[in-house]
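Residue-level listing of the chains:
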Amino acid sequence: MFDWLAEAMAALSFVDIFNGCVFITFTLCYTYQLFYVFVVLTRRHPVCVAASNHKFAVLIAARNESAVITNLIDSIKAQNYPTELIDVFVIADNCTDDTAAKARAAGAHVFERFNQEEVGKGYALDFGLKSIWRDFPDAGHEAYFVFDADNVLDANYFREMNATFDNGAQASTSYRNSKNFGSNWISGGYGLWFLREAKFLNQARLTLNTSCAVSGTGFFIAADILKRAGGWKWHLLTEDIEFSASSVIDGVRISYCPMAVLYDEQPITFRDSWNQRFRWAKGFYQVFFHYAKGLVRGAVTNPKGYRFACYDMLVTIAPGMLLTVISVIFNAAIVILALTGTMTTGVAIASALSSIFFCLFNYIVFMFVFGVLTTFVEWDSIRMSTAKKIRNMFTFPLFQLTYIPIALVALVKKATWKPIKHSISVDVSEFSEAAATAKGKE
């Protein structure tokens, strides 16, 4: 009897210690993001005013994007900014449709690229940059913008981003909204996540004068940074977050412009969503293993103003979801061992099951709270009915929960780039009223 009791206590103690360590790790690493929420709700972000206009180049890597490429170029041509100061370059990357022809007809310079060995957005951007430097050596571009072909821009986008650049930003991201927010629970989950990222991460970082993070599309990089790099040198699966991590380590502050609004098309099928987020998860693992050491070192040795930025970026790319997966697997293994007789205690089963429930329940509640908060704060920026907005608050945690199996599979399966079909053709004027209302509440 005493042997059984000793085994039970030992097993229970081990399970509780492990789960306690996981909880403490999460708390220590991510609590500061609650302070970000407080900052956003209580302080106004700085507003930049431009003293002069600058000349920019736009890079659009597009693969079989004939359905949407014209909308983006048209929205760039319709900017409340001198059109002669914006040169648009489309990299038609391994296209088998008429993307190149449509881009040329819309007024863009087009570089066609055919390379089946070096596949990915980073390689396309590098090809585009070097083509510009070769063919337009005296263009005088001061910064390069990067967009995805499915984007459309608010009419004041370049005016606002120019103000950020004119005030000394070497790189900056912008406010990322969704043009198909209300398509279904998948697109709604994406849209809410990106709004949460813009509002409660990047805006807080901007207000606190620390570095933000580039996320996929809608950002600029100063020309001198890319010249020093010799092109686009970031070629991991998530080249955007790789650039962010690399920049923070090098002491380059990435800014954020909340007044510059772009609209992005989100996947609407679970297959496309799985493929895309699987690539993101794999890419985050890659960035973590390549840059974690440099970020840890930077958090200690970088100039004082950049130490926290290194820590913040380290936490951003750290596989926090993986820790959740490990915790669930560990506790599930305890239950299985007990049920198969390898362990003889029911106490460990109860502890493990309660830990699994506690872990998943806390994650769902955390995401629900952030979903509700983001929805109400950004209410006027979300283009769907009130009923859909309320429903989306409840489906958002479920959407986020699907990251758990994605993070697990990404550990063991090789990721390859898979195209996601974009087909929602819209004119930016459809968003003008919502954007104007949202800006008026800033």
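None of the values given here were measured: they were computed from a predicted structure. (Residues numbered from 1 in each chain as written. Predicted model: local features only at pLDDT ≥ 70, side-chain atom pairs only at ≥ 80, totals over all residues. Heavy atoms only, no water.)

**Student:** Before we go on, may I ask you to explain the overall build of the protein chain in this structure?
**Tutor:** Counting secondary structure elements, the protein chain contains 16 helices and eight strands. Taken across its 442 residues, the protein chain has 55% of its residues classed as buried. Within the protein chain, residue pairs in contact and separated by at least 24 positions form 82% of the contacts whose partners lie at least 6 positions apart. Accessible surface, the protein chain as shown: approximately 19,300 Å² in total, 63% of it carbon and sulfur. (Helix = DSSP H or I, 4+ residues; strand = E, 2+ residues; numbered from the N terminus. Buried < 20%, exposed > 50% of the residue type's maximum accessible area, 1.4 Å probe, protein only. Contact = heavy atoms within 4.5 Å. Areas by Shrake-Rupley, 256 points an atom, 1.4 Å probe, with all protein chains shown as cover.)

**Student:** What's the story with helix 2 (residues 32-42) in this structure? I'm lost.
**Tutor:** Three or four residues apart is the spacing at which side chains of an α-helix point the same way, because the helix has 3.6 residues per turn. Among all positions of helix 2, only Tyr32, Gln33, Tyr36, Val37, Val39 and Val40 are buried. Along the axis of helix 2, the buried residues cluster in a sector spanning 165°; they form a single face. Counted as exposed and oriented over 90 degrees from the buried face of helix 2: Phe38 and Leu41. (Arc of directions from axis to C-beta.)

**Student:** Looking at this model, I keep getting lost on the confidence of the model for the protein chain. Mind explaining?
**Tutor:** Low pLDDT marks stretches whose predicted atomic positions should not be read closely. Put simply, the protein chain has an average pLDDT of 86, and 81% of its residues get 70 or more. Contacts for the low-pLDDT stretch residues 1-12, under 50 throughout, to residues beyond four places or in other chains number eleven contacts. Here residues 438-442 scores under 50 on pLDDT; set against residues more than four positions off or in separate chains, the count is ten contacts. (pLDDT = per-residue confidence, 0-100.)

**Student:** Would you mind showing me how to read the side chain of serine 247 here?
**Tutor:** Within the secondary structure, serine 247 sits in helix 9 (residues 239-249). Within the local environment of serine 247, its side chain forms a polar contact with the backbone oxygen of phenylalanine 243, the two atoms lying 2.8 Å apart. Not counting the four nearest positions on each side in its chain, serine 247 is found in contact with Val252 and Ile254. (Polar contact = N/O pair within 3.5 Å; in protein donor to acceptor, adjacent residues only side chain to side chain.)

**Student:** Just to check I follow, could you spell out the pairing of strand 4 (residues 143-148) for this structure?
**Tutor:** For strand 4, a buried count of six out of six residues is recorded, marking the element as mostly surrounded by other parts of the structure. A two-sided burial pattern is seen for strand 4, the buried positions comprising Ala143, Phe145 and Phe147 on one face and Tyr144, Val146 and Asp148 on the other. Direction of pairing for strand 1 (residues 56-62) relative to strand 4: parallel, over a ladder of six bridges. Looking across to strand 4, one finds that leucine 59 is bridged to valine 146. Across four bridges, the pairing between strand 4 and strand 7 (residues 219-222) is antiparallel. Bridging across to strand 7, tyrosine 144 finds its partner in isoleucine 221. (Pairing = 2+ DSSP bridges.)

**Student:** Looking at this structure, how should I read the packing of aromatic side chains?
**Tutor:** Aromatic ring pairs are reported here in terms of the distance separating the ring centres and the angle at which the planes meet. Summed over all chains, the structure comprises 36 aromatic pairs. Both rings, one in tyrosine 190 and one in tryptophan 280, keep their centres 6.0 Å apart while their planes meet at 80°; by these two values the pair is edge-to-face. Of this pair, tyrosine 190 sits in helix 7 (residues 185-207) while tryptophan 280 sits in helix 10 (residues 270-301), and the two are 90 residues apart along the sequence. A relative accessible area of 2% means that tyrosine 190 is categorised as buried. (Phe/Tyr/Trp six-rings, centres within 6.5 Å; stacked < 30°, edge-to-face > 60°.)

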